[in-house]
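Chain residues, written in single-letter form:
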Amino acid sequence: MAEEKVALNVPQEEQALAPRQSRAKAFILKFIGRKTAVIAAGFIILLVIIAFLAPALEPYNPATPDYDAILSAPSAKHLFGTDEYGRDILSRLLAGSRLSLSVSLSSVTLGAGLGAILGILAGYYGGWLDSLIMRTADVLLAFPDILLAIAIVAVIGPGLSNVVIAVAVFSIPSFARIMRSSTLAVKQSLYVEAARSLGCTNRSIMWKHIFPGTVASIIVNFTMRIGTAILAAASLSFLGFGAKPTEPDWGAMLSTGRNYLGVAPHIVYFSGGIIFLTVLAFNLLGDGLRDTLDPKIQ
Amino acid sequence: MGRYCLKRVLGTIPLMLVISFIIFMFVHMIPGDPARIMAGKDATLEEINRTRQTLGLDQPLLNQYFMYLNRMFHGDLGTSTTTGQSVAEMIGPRFQPTFTLAGCALVWSLIIGVLLGVFSAVMRGKWEDYIGMLIAISGISIPVFWLGLVLIQIFSVQLGWLPTGGLDSIQSYILPSLSLGVGVMAVMARFSRSSMLENMREDYVRTARAKGQKESMVVLKHAFRNSLIEVVTVAGLQIGGLLAGSILVETVFTIPGMGRLLVDSIKFRDYPVIEAELLLFSLQFVVINLIVDLLYGVLNPKIRYES
């Protein structure tokens, strides 16, 4: 009884904030306990900072050739060595971080946005719309990501903007599926029923009441898909369907570097190594977020 | 069980029809005149018109689709615009290298992946478990084409033990299958670990332990045996990924397989070959998924009896 009185005396705003704050605190505490995920998050934050500051950090112009330093091994002058035109590999990798992150982020954001809309529509309205959207998603999911991306690029042509589209398309089904199952789970809940009886429109129910409940699973999938997107974009560039060989793209650098594997293996080692570390960091972060946010594991 | 199999087999027919329609529409989605594209860059007006007639491009769209299906059923995959060869003849010899490569990769990755997963589950929470799972997540994150190049640099260029590419001997398959299988090994390790952990929490495992059975028997005879159904299903689904991964690995190791033909045909904009390759890759995935589904029905008594 005394506790009730205390609770009633707390101002309404504080009452609403208290559980939210404690939930955030609990999340942070639990996440910090996962060391590999924390290290991965640190690496990604560093990479994002590098991508933003790339032009200031680059020791040399990534596009300027130096014909006196063609295929130089790593040295004090060129920490990661130079490529077939004498361009500084470190500078190109720094410039490439901007390109790789922007391609992967934009493609996954596009895929997540479209997937979320389609998933929530399928789950909320059901019927033929659900069947149509989910059967199409099933067909797309039956194909490995890279083959689907290659097929799309074969139709719309090579180039980085088309890589964004290709990666976005193969990201759609996973988001649609997650969103649909989350929508189905909360559609019948009491608060959605209450919102409906209060006269809320379908649109407001979907975006104000159902969508916030699905954010956690979307965030986990989003993080994991970025790793996949970086890998897919690098694969397409490696095959010659993505960035032009002149662009400082990690996949394209790896592709040209393979021609000099015998004389300058550092090109392949550094450009592939950075792709590997970045994808690993996103996958570890995704794993950590999933373990922290998944109520089943909690 | 018969009904279950029949339902699954019949279910693939509409799926293949949808896929074939999408691939058929693919040529119509490419900007420009499909007849000009199919006839090739250097084709004369007469040749373009002939191609238009042969492919029925002057007919209504639905008629064209049925004509296309009819041609496919009769094994007529068209003619390459770059070599002038029949597409079926071009693709035929490419099957064996791709399937051998995928087969080799599947065998080693399954054995190592499952062993790693079971070992990690048994050592749960210990440093061996962390190392095992770090290997697994690294396997998922590593670009196969980079791994291939690193292996070439070490084992072919530096040590000279294995060939850098091509398919001159059985040794030529070692490095490509190692690169190709690493992702599947990682998926299998993660999956078999979680499946084993789930099964080791079950009542029958507790009962077996209470009866005083040896831990190795509990793990192998009870937990592992029950994990096997799910492990087999996931393993089957990885074959599709292996075939797709072969596109990259065949490019790195210059293996004359289906994947490399697809990449080359996209580069030369050889649409009849692209169209046929996409259809065959799709058919492979559908058939593999069907076999996995049927196998799951055979292995899982729940599905067997329900049907």
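Quick notes on the rules
- Starting from 1, residues in each chain are numbered consecutively following that chain's sequence as written.
- Chains carry letters from A onward and ligands carry numbers from 1 onward, assigned in written order.
- Where local features are concerned, this predicted model is filtered to residues with pLDDT of at least 70; where side-chain atom pairs are given and counted, the filter is 80 or more; whole-chain, interface and lining totals use all residues.
- Side-chain measures here rest on the full set of heavy atoms in the structure, leaving out hydrogens and waters.
- Starting at the N terminus, helices and strands are each numbered in turn, a helix being any DSSP run of H or I of at least four residues and a strand any DSSP run of E of at least two.
- Throughout this description, buried means an accessible area under 20% of the type-specific maximum (1.4 Å probe, protein chains only), exposed means over 50%, and partly exposed covers the range between.
- UniProt positions are given in the numbering used here, feature names are shortened, and annotations may be inferred rather than shown by experiment.
- Note on aromatic pairs: the rings of Phe, Tyr and Trp (six-membered ring only in Trp) are paired at centre separations within 6.5 Å, and the planes decide the class, stacked below 30 degrees, edge-to-face beyond 60, tilted for the rest.
- Any two residues whose heavy atoms approach within 4.5 Å are treated as being in contact.
- As used here, buried area is the combined drop in accessible area, with a 1.4 Å probe, of two parts when they are placed together.
- One side-chain nitrogen of Lys or Arg within 4 Å of one carboxyl oxygen of Asp or Glu is enough to make a salt bridge.
- Each polar contact in these results corresponds to two N or O atoms within 3.5 Å; when the atoms are within protein, one needs to be able to donate a hydrogen and the other to accept it, and residues that are neighboring in sequence are counted only if both atoms are side-chain atoms.

### What to know about unusual backbone geometry
Excluding glycine, most residues fall at negative phi; most peptide bonds, likewise, are trans. Residue Leu71 of chain A is not a glycine yet carries a positive backbone phi of 50°. Mapped onto the secondary structure, Leu71 of chain A falls in the loop between α3 (35-57) and α4 (89-125). Positioned with a positive phi, Thr254 of chain B is a non-glycine residue whose angle comes to about 45°. Mapping Thr254 of chain B onto the fold places it in the loop between α11 (215-252) and α12 (258-267). A residue is classified by how much of its surface remains accessible, and Thr254 of chain B, at 38% relative accessible area, is partly exposed.

### Some thoughts on the UniProt feature "domain: ABC transmembrane type-1" (unreviewed entry) in chain A
Here the UniProt-annotated "domain: ABC transmembrane type-1" (unreviewed entry) positions come out as residues 97-286 of chain A. In this annotation, residues 97-286 of chain A is assigned 84% helix and 0% strand; the end-to-end C-alpha distance for the span is 20 Å.

### Observations concerning the UniProt feature "transmembrane region" (unreviewed entry) in chain B
Residues annotated in UniProt with the feature "transmembrane region" (unreviewed entry) correspond here to residues 12-30, 99-122, 134-161, 173-191, 231-258 and 278-299 of chain B. Secondary structure across residues 173-191 of chain B comprises 95% helix and 0% strand; the distance between its end C-alpha atoms is 26 Å.

### Focus on the packing of aromatic side chains
Scanning the entire structure with this criterion turns up 15 aromatic pairs over all chains. Taking 5.2 Å as the distance between ring centres and 90° as the angle between the ring planes, the aromatic pair formed by Tyr124 of chain A and Tyr125 of chain A counts as edge-to-face. Residue Tyr124 of chain A is classed as buried on the basis of its relative accessible area, which comes to 8%. What links up through ring pairs into an aromatic cluster is the set Phe21, Phe24, Tyr65, Phe66 and Tyr68 of chain B.

### As for the interface of chain A and chain B
Tallying the contact residues gives 33 residues for chain A and 39 residues for chain B. Buried area between chain A and chain B, both sides added, is near 3,200 Å², and the carbon and sulfur share of it is 80%. On inspection of chain A and its partner chain B, the count reaches 1 salt bridge. Of the charged contacts in the structure, one is a salt bridge between Asp287 of chain A and Arg190 of chain B, with a shortest N-O distance of 2.9 Å. If you look at where chain A meets chain B, you find 6 residue pairs in polar contact (both at pLDDT 80 or more).

### Some details on the environment of Trp108 of chain B
Residues and elements named next belong to chain B. The topology assignment puts Trp108 in helix α6 (residues 95-122). Trp108 sits in the partly exposed class, given a relative accessible area of 21%. Sequence separation of Trp108 and Phe281 is 173 residues, and the distance between their C-alpha atoms is 23 Å. Once residues lying within four places of it in the same chain are set aside, the contact partners of Trp108 are Ser177, Leu178, Gly181, Val182 and Met185.

### Comments concerning the pattern of salt bridges
Scanning the model with the defined rule gives 13 salt bridges over all chains in all. Among the ionic pairs, Arg193 of chain B bridges to Asp129 of chain B, the shortest N-O distance being 2.9 Å. Separated by 64 residues along the polypeptide, Arg193 of chain B in helix α9 (residues 174-200) and Asp129 of chain B in helix α7 (residues 127-141) bring together distant segments of the chain. Overall, the relative accessible area of 18% leaves Arg193 of chain B in the buried class. Of the charged contacts, one joins Asp203 of chain B and Arg206 of chain B as a salt bridge, the two residues approaching to 3.1 Å between their closest N and O atoms. In this pair, Asp203 of chain B and Arg206 of chain B both sit in helix α10 (residues 203-210), 3 residues apart, roughly one turn of the helix. Per residue, the accessibility class of Asp203 of chain B equals that of Arg206 of chain B, and both read exposed. One connected set of salt bridges, linked through shared partners, spans Arg34, Asp287, Arg290 and Asp291 of chain A together with Arg190 of chain B.

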